Amino acid sequence: MSAIRGARERARIEVTAAIKDEARKQLAAEGAAKLSLRAVARELGMASSALYRYFPSRDDLLTALIVDAYDAVGEAAERAHRAAGSPGAPATGLTRWVAVACAVRDWALAHPHEYALIYGSPVPGYSAPQDTVGPAARVGMVLIAIVEEARRDEGLALPPLPDELRPEAERIAADVSPGLAPAVAAPIVAAWSQLFGLISFEVFGQFNGVVEAREVFFRHAVTELARTVGLLGRRG
């Protein structure tokens, strides 16, 4: 790579990062629906035509911000999964589950506007492209990994899968993680959605005047979610 080409690529990376940083400020101040490329360009002292060379449309910029947010919360979950436990106290499925759930909550509370972008109300006129699917699945894949590790190492205590749910559970398992048992797939998807419901209630203020000891409440709630995916008991 030539020095000139390298300098150009570094400059492009820096300008791209500056555009996204300014766009995040707009998200915090105005919300995603009012994100404007012209306003971003104006704040950066750029011509709109120059910014369009980096992001051809508002939707392209939104997609980049959405992917970044999904990747950031996914990385927080993956890091917590890796770090759970210690040499003196090896992690169990339950400790991994709670550690990951708390890491996701911590990220959401530290980045409420980015959380709102990916888990809040849909942005009018925006349709997420396929590029967002993989990043959006990262937290869910960590939860699946925790349950699969526990199934292998500790055993799971799951109730029988109701007959009327089996076809849908089989479809979910095939779509989400081929090889995942249908009896495990349905509870994981339910727990995944409830985890983000708990976090959303806190981030968006629905717990105001209702729950005060929120961390204690959250840890208890996600421990109960662990029960629904079989992590609080072993097979005989």
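Quick note: structure is the one above.
Residues numbered from 1 in each chain as written. Predicted model: local features only at pLDDT ≥ 70, side-chain atom pairs only at ≥ 80, totals over all residues. Heavy atoms only, no water.

Over its 15 residues, helix H11 (residues 214–228) runs 21 Å from end to end, which matches the ideal 21 Å to within 8%, given 1.5 Å per residue. Every buried residue of H11 is listed here: Phe218, Ala221, Val222, Leu225 and Ala226. Down the axis of H11, the sector holding all buried residues measures 155 degrees, keeping them to one side. Elements in contact with the buried residues of H11: helix H5 (93–110) and helix H10 (182–203). After H11 finishes, the residue glycine 230 shows a positive phi value of roughly 90 degrees. (Helix = DSSP H or I, 4+ residues; strand = E, 2+ residues; numbered from the N terminus. Expected span 1.5 Å × (residues − 1). Buried < 20%, exposed > 50% of the residue type's maximum accessible area, 1.4 Å probe, protein only. Arc of directions from axis to C-beta. Contact = heavy atoms within 4.5 Å.)

Turning next to empty space enclosed by the protein. Going through the model one piece at a time under the given rule, you end up with one cavity of 30 Å³ or more. Here the largest cavity defines a volume of roughly 40 Å³. What lines the largest cavity is Ile144, Ile172, Val176, Leu180, Ala185, Ile188, Val189 and Trp192. With four residues, H10 is the single largest residue contributor to the lining of the largest cavity. Of the residues that constitute the lining of the largest cavity, the class distribution is eight nonpolar, no polar and no charged. (1 Å grid on protein atoms, 1.4 Å probe; cavity = no way out; pocket = protein on both sides within 12 Å on 5 of 7 lines; lining within 4 Å. Points joined across faces, edges and corners; volume = space filled by probe spheres on them. Nonpolar A, V, L, I, M, F, W, Y, C, P; charged D, E, K, R; others polar.)

The subject of this paragraph is a nonpolar patch on the surface. The grouping of Met141, Val176 and Val189 at the surface amounts to a nonpolar patch, some 190 Å² of accessible area in total. Relative to the assigned elements, valine 176 resides in helix H9 (residues 166–176). Residue valine 176 is classed as partly exposed on the basis of its relative accessible area of 33%. (Patch = residues over 30% accessible without salt bridge, like charges linked within 9 Å, V, L, I, M, F, W, Y side chains within 5 Å. Areas by Shrake-Rupley, 256 points an atom, 1.4 Å probe, with all protein chains shown as cover. Salt bridge = Lys/Arg side-chain N within 4 Å of Asp/Glu carboxyl O.)

What follows is about the nonpolar core. Generally speaking, nonpolar side chains in soluble globular proteins are found buried as a group. Grouped together as the largest cluster of nonpolar side chains are 64 residues, with contacts concentrated most on Trp97, Ile199 and Val222. Examining the composition of this core, we find that eleven residues originate from one element, helix H4 (residues 58–83), more than from any other. (Core = buried A, V, L, I, M, F, W, Y, C linked by side-chain atoms within 4.5 Å.)

Under the counting rule described, the total for this entry stands at seven aromatic pairs. On the basis of an interplanar angle of 75 degrees and a centroid distance of 5.6 Å, the ring pair of phenylalanine 207 and phenylalanine 217 is categorised as edge-to-face. One end of the pair, phenylalanine 207, is in the loop between H10 and H11; the other, phenylalanine 217, is in helix H11, and ten residues separate them in sequence. Three or more aromatic residues link up through ring pairs in this structure, and these residues are Tyr70, Tyr115, Tyr119, Phe196 and Phe204. (Phe/Tyr/Trp six-rings, centres within 6.5 Å; stacked < 30°, edge-to-face > 60°.)

Honestly, that's just the spatial picture; any functional story needs more than this.
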